[in-house]
Amino acid sequence: MDVLDSYKVDLKNMRTDVIERRFVLDDAFFKTVEGTLVKSGQAEAVLEVKETGGGYSFAFHIKGIVHVPCDRCLDNMDVAIDTERTFTVKLGDEYADEGELIILPYEDAELNVAWMIYEIMVLEVPLTHVHEPGHCNVEMTEALAAHLVTSSDERDYSEKQDEEEVGRDKATDPRWNKLKEILDNN
């Protein structure tokens, strides 16, 4: 049995108007989903599915901690997640995903919510994620600082060379003298 089979919601065989499912989101979940940003964590997702006139309301509440790499030192850092999202699912002729409205084919009427849960969590991660000042990996911070100093020195040397070459070109190229005469006349 596939690990993600437990995340399937079978709408055809709902026995009540409301069902509630709880999902433990641990490292096994993140490994199976194979997302690119969040690769580990510990969270819980509660899903409430209500049958409404002509469709179903999927209400997610996700709370926990996910681990993402720090943009500065690449060590994992904790990001707290506490969010609620609602989607509408309807049955139709063919599959369509229109943001907060999902249409499932009548014959299928089964939705695997694992990827939806993952995407909801990823949307809660800030665009830039860095440790608090002083909490980054010291070795990586020192290596980055050394690299920046070396790169800066190389850039300064390169800029000086470019300026010297431009200066030589001006002195030897007679066109510059003609342009200088035009500027002096104005």
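Quick note: structure is the one above.
**As for the overall build of the chain**
A tally of regular secondary structure across the chain gives 4 helices and 8 strands. Reading the chain from its N terminus to its C terminus gives the helix and strand order β-β-α-β-β-β-β-β-β-α-α-α. Out of the 186 residues belonging to the chain, those deemed buried represent 29%. Taking the intrachain contacts of the chain between residues at least 6 apart in sequence as the baseline, contacts between residues at least 24 apart amount to 57%. Of the accessible surface of the chain, which amounts to about 12,700 Å², a share of 51% is contributed by carbon and sulfur atoms.

**Some points on the state of the cysteines**
A full pass over the atoms with the stated rule returns 0 disulfides. Not engaged in a disulfide, the cysteine C73 finds its nearest cysteine sulfur in C136; these two sulfurs lie 3.9 Å apart. The class of C73 is buried, set by a relative accessible area of 2%. C136 takes part in no disulfide bond, and the closest cysteine sulfur to it belongs to C70, at a distance of 3.7 Å.

**Re the pattern of salt bridges**
For the structure shown, the criterion picks out 6 salt bridges. Across the pair K50 and E48 runs a salt bridge whose closest N-O atoms are separated by 3.6 Å. For K50, a relative accessible area of 39% corresponds to the partly exposed category. A relative accessible area of 26% places E48 in the partly exposed class. Within the structure, one salt-bridge network assembled from shared partners comprises D5, K8 and E110.

**Description of helix α4 (residues 174-185)**
For α4, spanning 12 residues, the distance from its first C-alpha to its last is 17 Å, which sits close to the expected 16 Å at 1.5 Å a residue. When you tally the buried positions in α4, you get 0 out of 12 residues, a small fraction of the element.

**Description of the sheet that holds strand β6 (residues 96-97)**
Strands sit in the order β2-β3-β4-β5-β7-β6 across an open sheet of 6 strands; the sheet is mixed. The open sheet has two free edges, formed respectively by β2 (18-25) and β6, since each of these has just one partner strand. Contacting β2, β3 (40-52), β4 (55-69), β5 (76-92) and β7 (101-105), helix α2 (residues 114-124) crosses the sheet at an angle of about 135 degrees to β5.

**Topic: the environment of V49**
Position of V49 among the secondary structure elements: in strand β3. Expressed as a C-alpha distance, the spacing of V49 and D17, which sit 32 residues apart in the sequence, is 8.0 Å. Setting aside residues up to four positions removed in sequence, V49 forms contacts with V9, L11, M14, D17, V18, I19, Y56, S57 and F58.

Calculation criteria
- Residues numbered from 1 in each chain as written.
- Predicted model: local features only at pLDDT ≥ 70, side-chain atom pairs only at ≥ 80, totals over all residues.
- Heavy atoms only, no water.
- Helix = DSSP H or I, 4+ residues; strand = E, 2+ residues; numbered from the N terminus.
- Buried < 20%, exposed > 50% of the residue type's maximum accessible area, 1.4 Å probe, protein only.
- Contact = heavy atoms within 4.5 Å.
- Areas by Shrake-Rupley, 256 points an atom, 1.4 Å probe, with all protein chains shown as cover.
- Disulfide = S-S within 2.5 Å.
- Salt bridge = Lys/Arg side-chain N within 4 Å of Asp/Glu carboxyl O.
- Expected span 1.5 Å × (residues − 1).
- Pairing = 2+ DSSP bridges.
- Axes fitted to C-alpha atoms, helices over the stretch in contact; angles between N-to-C directions.

So far we have only geometry, and geometry alone does not tell us how the molecule works.
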